[in-house]
Amino acid sequence: MAELARIKVEPREPLASEVSRRLIDYLMSGEVQPGDRIPSERRLTELLGVNRPTVREAIKSLGFLGLLEIRQSSGTYFRGTDSDVLYRLFELGLLLGERRAQDMVQARAELEVAIAGLATQARDEAGVQLLRARLAAMRECPDEDFPEADTAFHAALGELAGNTVLRDMLKGVRATIQRGWVERTGAVRPREVAYADHVPILEAVERGDAEAARAAMARHMEGASRRLMEALEQGRP
């Protein structure tokens, strides 16, 4: 059986989240096969050195995600993973530690920059017109609709880029950051700043300058990422 080491209790993250992360690592080790029964709550309590309610909470969380199946009077079983389960685990990972937060913000920035360059290279008149319309919507919409208009601009870039893998990866990363952090911390750039950041991106796409498009997106992501990480830092106990 893959090793389940005792947990050193620290105040950096909820204990149940730490237990969930350890169980995910254990289940993904390759030594646990779909359909296998995992150790009992009592055994996990002994192995991890935490209390039983914490173990129970972690198991319920992974059951909700679809990773574990809890059978009354029988035990808890590994269900295996499919793409939907992996995506939900990906979302869960955002809540498990500062390092993961930094990695996710960096991944988003790199994906946005890559897509800006690809969108510029693959541009056509219809795509450019759509971007113009999305930027106009950002300028003219009510304040409460601005986050959605902002997202729509980036989504249009993703479609124009023509790479469905990168597009879907970025869509997942962006949605998870929005739900997991932005809504919780309020880490949204001032509207005027956010809109101004997007103007040079559109202008670079229009003239077919992929290098300038990547640079403009990198500048936009630098500010957005810094603001988000500062908000997360302030929100930590």
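Up top you'll find the structure we're talking about.
Computed from a predicted structure; not experimentally measured.

Conventions and cut-offs
- Residues numbered from 1 in each chain as written.
- Predicted model: local features only at pLDDT ≥ 70, side-chain atom pairs only at ≥ 80, totals over all residues.
- Heavy atoms only, no water.
- Salt bridge = Lys/Arg side-chain N within 4 Å of Asp/Glu carboxyl O.
- Helix = DSSP H or I, 4+ residues; strand = E, 2+ residues; numbered from the N terminus.
- Buried < 20%, exposed > 50% of the residue type's maximum accessible area, 1.4 Å probe, protein only.
- Phe/Tyr/Trp six-rings, centres within 6.5 Å; stacked < 30°, edge-to-face > 60°.
- Lys NZ or Arg CZ within 6 Å of the ring centre and 35° of its normal.
- Pairing = 2+ DSSP bridges.
- Expected span 1.5 Å × (residues − 1).

A. The arrangement of the pattern of salt bridges in detail. Per the counting criterion, the structure on display carries 13 salt bridges. The residue Asp143 makes a salt bridge to Arg191 at a minimum N-O spacing of 2.6 Å. Residue Asp143 is found in the loop between helix H6 (125–140) and helix H7 (146–161), and its partner Arg191 is found in helix H9 (residues 191–207); the two are separated by 48 residues along the sequence. Taking the relative accessible area as the measure of exposure, Asp143 reaches 58% and is therefore exposed. Asp209 is paired through a salt bridge with Arg207; the nearest N and O atoms lie 3.9 Å apart. Given a relative accessible area of 31%, Asp209 falls into the partly exposed group. According to the relative accessible area criterion, Arg207 is exposed, its value standing at 51%. Linked by salt bridges that have partners in common, Glu41, Arg52 and Arg56 make up one network.

B. Spatial organisation of the packing of aromatic side chains. According to the stated counting rule, one finds 0 aromatic pairs in the structure shown. Over the ring of Tyr77 we find Arg71; its NZ or CZ atom is 3.8 Å from the centre of that ring.

C. Broad picture of the pairing of strand E2 (residues 75–78). The alternating pattern of E2 places Gly75 and Tyr77 and Thr76 and Phe78 on opposite faces, both of which are buried. Sheet topology note: the strand E1 (residues 68–71)/E2 ladder contains 4 bridges and is antiparallel. Paired with Ile70 across the bridge in E2 is Thr76. Here E1 folds back onto E2 in antiparallel fashion, the turn holding 3 residues, of which Ser73 has a positive phi close to 65°.

D. Quick peek at H9. In this model H9 runs 25 Å from its N-terminal to its C-terminal C-alpha over 17 residues, within 8% of the 24 Å that 1.5 Å per residue would give. Within H9, the full set of buried residues consists of Arg191, Ala194, Tyr195, Asp197, His198, Ile201, Leu202, Ala204 and Val205. Once H9 finishes, Gly208 follows within two positions and takes phi at roughly 75°, a positive value.

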